[in-house]
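Inside the fold
Given next are the chains, with one letter for each unit.
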Amino acid sequence: MARWCYRHRLVVLLVWVGALLGLGVSASGAGTNYAEVFSLPDTDSKRAYDLMEKAFPERAGDTDTVVWKVDEGSVRDDSVRSRIEPALTEIGRMEGVGAVTNPYGAQGAAQISEDGRIAYAQVTFAEQADAVPKELVQDVVDTAQDAARDGLQVELGGQAITRVQEPPTGTAELVGILAAAVVLFVAFGSLFAMLLPIVVAVFGVGTGMFGTQLFSHVTNVPELATLLSTLIGLGVGIDYALFIVTRHRRGILRGADPEEAAVAALNTSGRAVLFAGGTVCIALAGMLVTNLRFLDGVVIGTTLTVVLSVLAAVTLLPALLGLLGHRVLSRRQRRRLAEKGPETETASGLAARWSAGVQRRPRSVAVLAVVLMAALAVPLLSLRLGTVDQGNDDASMTTRQAYDLLAEGFGPGFNGPLQVVVDGEAPDNLVTVLEETEGVAQVAAVPPANGVTVIQVVPTTSPQDAETDRLIDTLRDDVIPEAGVEAHVGGVTAVSKDFATVTGERLPLFIGTIIGLGFLLLLLAFRSLVVPLTAAVMNLLAAAASFGVLVAIFQWGYGLDLLGLGQEGPIASFLPIIMLSLLFGLSMDYQVFLVSRMHEEWVHTRDNARAVRVGLAETSRVINSAALIMVCVFLAFVLSGDYGAAMAGVGLAAAVALDAFILRTALVPAVMHLLGKSNWWLPAGLEKRLPHLAVEPGEEETAAPTTPSGVPGGPSSVVHGFVRTADGEPVEGAAVTLLTSGGRQLDRVVSLADGAYIVSVPAPGTYLLAVTAAPYGSRAGAVSVTDGPLVHDVELTPGEVDAVN
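Figured I'd write up the structure that's included with this text. The model shown is predicted, which means the values in this text are computed figures rather than measured ones.

Observations concerning the packing of helix 8 (residues 191-215) against helix 9 (residues 224-253)
At a minimum axis separation of 8 Å, helix 8 and helix 9 run at an interaxial angle of 145°. As helix 8 runs across helix 9, the sense of the crossing is right-handed. Between helix 8 and helix 9, the contacting residues are Ala193, Leu196, Pro197, Val200, Ala201, Val205, Met209 and Thr212 on the first element and Ser229, Thr230, Gly233, Leu234, Gly237, Ile238, Ala241, Leu242, Val245 and Arg249 on the second. Class assignment of the residues belonging to the contact of helix 8 with helix 9 gives a composition of 12 nonpolar, 5 polar and 1 charged.

Comments concerning the environment of Ala144
Among the structural elements, Ala144 can be located in helix 5 (residues 134-145). Between the alpha carbons of Ala144 and Val154 there is a distance of 6.9 Å; along the sequence they are 10 residues apart. When near neighbours in sequence (up to four residues on either side) are disregarded, Ala144 contacts Val66, Ile91, Val154 and Leu156.

Re the pairing of strand 14 (residues 756-761)
For a regular strand, side-chain orientation follows a simple rule: the groups alternate between the two sheet faces. With 5 of 6 residues buried, strand 14 lies mostly within the body of the structure. With 6 bridges joining them, strand 11 (residues 717-725) and strand 14 adopt antiparallel strand pairing. Looking at strand 14, one finds that Gly721 is bridged to Tyr757.

Some thoughts on the state of the cysteines
In total, this model carries 0 disulfides according to the counting rule given. In this model Cys281 remains outside any disulfide bridge; the closest cysteine sulfur is found in Cys5, 19 Å from its own. Assessed through its relative accessible area of 15%, Cys281 is described here as buried.

What about the sheet that holds strand 4 (residues 152-157)?
Spatial ordering of the open sheet is given by 2-3-1-4, a layout of 4 strands whose pairing is antiparallel. At either end of the open sheet lies a strand with only one pairing partner, and these are strand 2 (97-101) and strand 4. Strand-to-strand twist of the sheet, defined as the mean angle between neighbouring strand axes without regard to direction, takes the value 20°. Note: strand 1 (residues 63-70) against strand 4, 6 bridges, orientation antiparallel. Across the sheet, the residue bridging to Lys69 is Gln153, located in strand 4. The sheet strands contacting helix 5 are strand 1, strand 2, strand 3 (118-125) and strand 4, and the helix crosses strand 4 at an angle near 160°. Helix-sheet contacts for helix 15 (residues 398-410) involve strand 1, strand 3 and strand 4, and the interaxial angle to strand 4 is about 110°.

Notes on unusual backbone geometry
Phi is positive for Asn450, which is not a glycine, with a value near 55°. With respect to the helices, strands and loops of the structure, Asn450 is situated in the loop between strand 7 (440-449) and strand 8 (452-459). Even without being glycine, Arg527 reaches a positive phi, approximately 50°. The topology assignment puts Arg527 in the loop between helix 18 (492-526) and helix 19 (530-555). Take Arg527: its relative accessible area is 11%, and that puts it in the buried class.

Regarding the pattern of salt bridges
Summed over the entire model, instances satisfying the criterion amount to 15 salt bridges. With its nearest N and O atoms 3.1 Å apart, the salt bridge here joins Glu408 to Lys69. Remark: Lys69 occurs in strand 1 and Glu408 occurs in helix 15; sequence separation between them is 339 residues. When its relative accessible area of 14% is taken as the criterion, Lys69 is described as buried. One network of salt bridges, with partners in common, ties together Arg3, Arg7, Glu259 and Glu260.

What to know about the packing of aromatic side chains
Think of a pair of aromatic rings as described by two things: how far the centres are apart, and how the planes are tilted against each other in angle. Within this structure, the stated rule accounts for 8 aromatic pairs. On the numbers, 5.7 Å between centres and 15° between planes, the contact of Trp602 with Trp680 is stacked. Remark: Trp680 occurs in the loop between helix 23 (643-675) and helix 24 (684-689) and Trp602 occurs in helix 21 (residues 575-605); sequence separation between them is 78 residues. Since its relative accessible area comes to 7%, Trp602 is described here as buried. With relative accessibility at 9%, the residue Trp680 sits in the buried group. Among the aromatic residues, those joined into a ring-pair cluster are Tyr120, Phe410 and Phe414.

Comments concerning the nonpolar core
Core analysis: the biggest nonpolar cluster contains 156 residues, and Tyr240, Met287, Phe554, Tyr590 and Phe634 have the highest contact counts within it. A per-element tally of this core places helix 23 first, with 21 residues. What Phe634 contacts, discounting residues up to four positions off in sequence, is Leu231, Leu586, Gly649, Leu652, Ala653 and Val656. Of all hydrophobic cores here, the second largest spans 29 residues; its members include Tyr104, Ile112, Val137 and Ala147.

Some thoughts on the packing of helix 13 (residues 350-360) against helix 23
Direction vectors running N to C along helix 13 and helix 23 enclose 45°, while the axes themselves pass 9 Å from each other. The pairing of helix 13 with helix 23 is recorded here as oblique in orientation. Note on packing geometry: the crossing formed by helix 13 with helix 23 is right-handed. Residues Trp354, Val358 and Gln359 of helix 13 pack against Thr665, Ala666, Pro669, Ala670 and His673 of helix 23. Taken together, the residues of the contact of helix 13 with helix 23 sort by class into 5 nonpolar, 3 polar and no charged.

Side note on the side chain of Thr468
Position of Thr468 relative to the elements: it lies in helix 17 (residues 466-482). Judged by relative accessible area, Thr468 falls into the buried class, the value being 0%. Among the polar contacts listed, one links the side chain of Thr468 to the side chain of Thr461, at a separation of 2.6 Å. Filtering out sequence-adjacent residues up to four positions away, Thr468 remains in contact with Pro459, Thr461, Ser462, Pro463 and Thr493.

Some details on the pairing of strand 15 (residues 765-772)
In this sheet, strand 15 lies alongside strand 12 (residues 735-739) in antiparallel orientation, the contact comprising 5 bridges. Counted as the bridge partner of Ala735 is Thr772 from strand 15. Looking at chain direction, strand 15 and strand 16 (residues 777-785) are connected through 8 bridges and run antiparallel. Residue pairing across strands places Ala770 opposite Ala780, the latter belonging to strand 16. Hairpin geometry of strand 15 and strand 16 is characterised by an intervening segment of 4 residues between the two adjacent antiparallel strands.

Brief notes about a negative patch on the surface
Together, Glu90, Glu135, Asp139, Asp142 and Asp146 give the surface a local cluster of negative charge. Here the element with the most residues in the negative patch is helix 5; it accounts for 3 residues. Within the secondary structure layout, Glu90 lies in helix 4 (residues 78-92). We classify Glu90 as partly exposed; its relative accessible area is 40%.

A word on the sheet that holds strand 8
Strand order in the open sheet formed by 4 strands is 7-8-6-9, with antiparallel pairing between adjacent strands. Edge strands, defined here as strands with exactly one partner in the open sheet, are strand 7 and strand 9 (487-490). Along the sheet, successive strands turn relative to each other by an average axial angle of 20°, direction set aside. Inspection of the sheet shows strand 6 (residues 418-423) paired to strand 9 by 4 bridges, in the antiparallel sense.

Rules used in this analysis
- Residues numbered from 1 in each chain as written.
- Predicted model: local features only at pLDDT ≥ 70, side-chain atom pairs only at ≥ 80, totals over all residues.
- Heavy atoms only, no water.
- Axes fitted to C-alpha atoms, helices over the stretch in contact; angles between N-to-C directions.
- Helix = DSSP H or I, 4+ residues; strand = E, 2+ residues; numbered from the N terminus.
- Left-handed = near helix turned anticlockwise from the far one by under 90°.
- Contact = heavy atoms within 4.5 Å.
- Nonpolar A, V, L, I, M, F, W, Y, C, P; charged D, E, K, R; others polar.
- Buried < 20%, exposed > 50% of the residue type's maximum accessible area, 1.4 Å probe, protein only.
- Pairing = 2+ DSSP bridges.
- Disulfide = S-S within 2.5 Å.
- Salt bridge = Lys/Arg side-chain N within 4 Å of Asp/Glu carboxyl O.
- Phe/Tyr/Trp six-rings, centres within 6.5 Å; stacked < 30°, edge-to-face > 60°.
- Core = buried A, V, L, I, M, F, W, Y, C linked by side-chain atoms within 4.5 Å.
- Parallel < 35°, antiparallel > 145°, perpendicular 65-115°, else oblique.
- Polar contact = N/O pair within 3.5 Å; in protein donor to acceptor, adjacent residues only side chain to side chain.
- Patch = residues over 30% accessible without salt bridge, like charges linked within 9 Å, V, L, I, M, F, W, Y side chains within 5 Å.
- Areas by Shrake-Rupley, 256 points an atom, 1.4 Å probe, with all protein chains shown as cover.
- Lys, Arg positive; Asp, Glu negative; His and termini not counted.
- Charge placed at Lys NZ, Arg CZ, Asp CG, Glu CD.

In structure tokens:
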């Protein structure tokens, strides 16, 4: 497939461009139909919500608030009323506004604070917040704030108002892409190589987003799905292309033709990309076991984007590599290749030195890594799930100022009132016992409507305060049963508490599912019980440490001012499930890329120490570069203007950084050195029963050779043997090259620690086998291959050069 895409590059490119434009035009024509279908079946707040809908079916639209405060005097003064009332009247006449509840009306006294300095009006739109046109919301904001003057402050709060405060769509994505471009340019030193992963990611994310938008017309997809799809799509799209391009460039630098290098890269790193993408999709699908149906649309959107990103990496990328040829290298690399010839295949530099250091001191490295991760995980012990509301917004936002004014004028609990709902008429003693309950500031009963009674209860504490959660439990468990009535406690604050409870109850099943599926996949891929077990433990450690960082920043408030993210509060209830899905999928990516190279070396040499050392040396740099790109993309979502998205971005950035820089680069190889050959242990009975799933290709597939006549085809056999000195000592690192009789290179490998080598032969015939190793000089000779493998040992002598006609 890679060879076909490489040779038919214009066709592949046109198909992808056509798909992106076609989906874009279709999505633009169809529009969006995102549905906020949040629901918590079998919860007390859901039963209260159902009764509220029965009582007030006309209140379908979003309700927002206009709040004003005077520095001196009262909001009842004529000078204030003459400015506020005309503005509210004008808002009420706007098309799309259902009603405006005015505090200056006959029943509006409760909307003015006791000291008379703060008042509010409620604006009910005809649609829910996401469906209200931004132009209408902006008109409401402008009209209300035009009434402000010196000594009169006017602010607005509510979900619809939040939408017009968000930065322009695409700001976070653009910043993330620019940051990734910088990292890629530093890593590659080539403008064209830098652009490749970004172009692939843009095609994957673009088609994924347009596809998700079209899916919103046939199933319930929340708007959150597009944000998370972009977040995960940019990260994995750039990373997957990075892995393949790195392998392709390495092949060219080692003397391969660009086409053969591309085919070999796709047949090695491309396989790992397919496997890694599958693990991400499985981790995302793990959300389905929580039975929270509003997450189904999130699973659809994110999984579709990941699948298309993987498809772009394994089809569009080889086509682009075909367009670039040698230009995928920097000018300096091309000049050095022409002057000095191919590079050796041994890893060098900082990565090799670090890998050797881990091998020398595995216990010290493991202990330091575990201590650091454990220290970062300590804040997790105080994790508290809850709702993210406008009290967490930045202090400069009008929504945050409106929130604070309401808390100042009517008490902190006013921003999150509870509704006690009774199916029928509520007995008089219920209102009495509610008023006498500790933690209740105010109780107001609404006249029965459609056979349902609603009693509004304002707590003395804010919606995010732990005392408010305890008040809800007290009302449900003690106060309402003692009153001898069947009632349900609802409201946004109660829904948030129930969501946190449901999430906490289902989280163990969710974690167990994605860890179990990941364990099975790694078991099939690496034929080992220890490798997947190690991966599972590492994933749990990464999750604990990343949530510890999240608690320290967003719940304790460390660094929030630096990030410009407003006020601390509980961790959003939806975050553990979504963040763990993405984290486990991405962690598995790095585990696959790291261990697949180790496994490849282990299969060749059966030397665990060498396998771990070589695998880490050859993959750590690209894993760290990929992780740095992920961190840049995720942190860019701090600029999205959405507090929940910023929380997810920071949490995922911390998770990826800890996973790549500490776990995969230090702790995993250190533990594998300590475990030795037991890393690759699998009971014989299980080995026979497990199906084979090859993450890396077999020896004969990696070279992707052609026949001597130039016709592509699979190898018919191999030449293998040992490279030794005259004394019988093995020669490690000898370059063994198979050429046609005309001198064209067919395959090239490096001898292993025991001197072993194996090269692929495309078809029976006579070939030239050349072996070079400093300081032994070189030796070459003709080899005749029939239908079976040919054993051919080579002896090297210092200073000797074999001349072949």
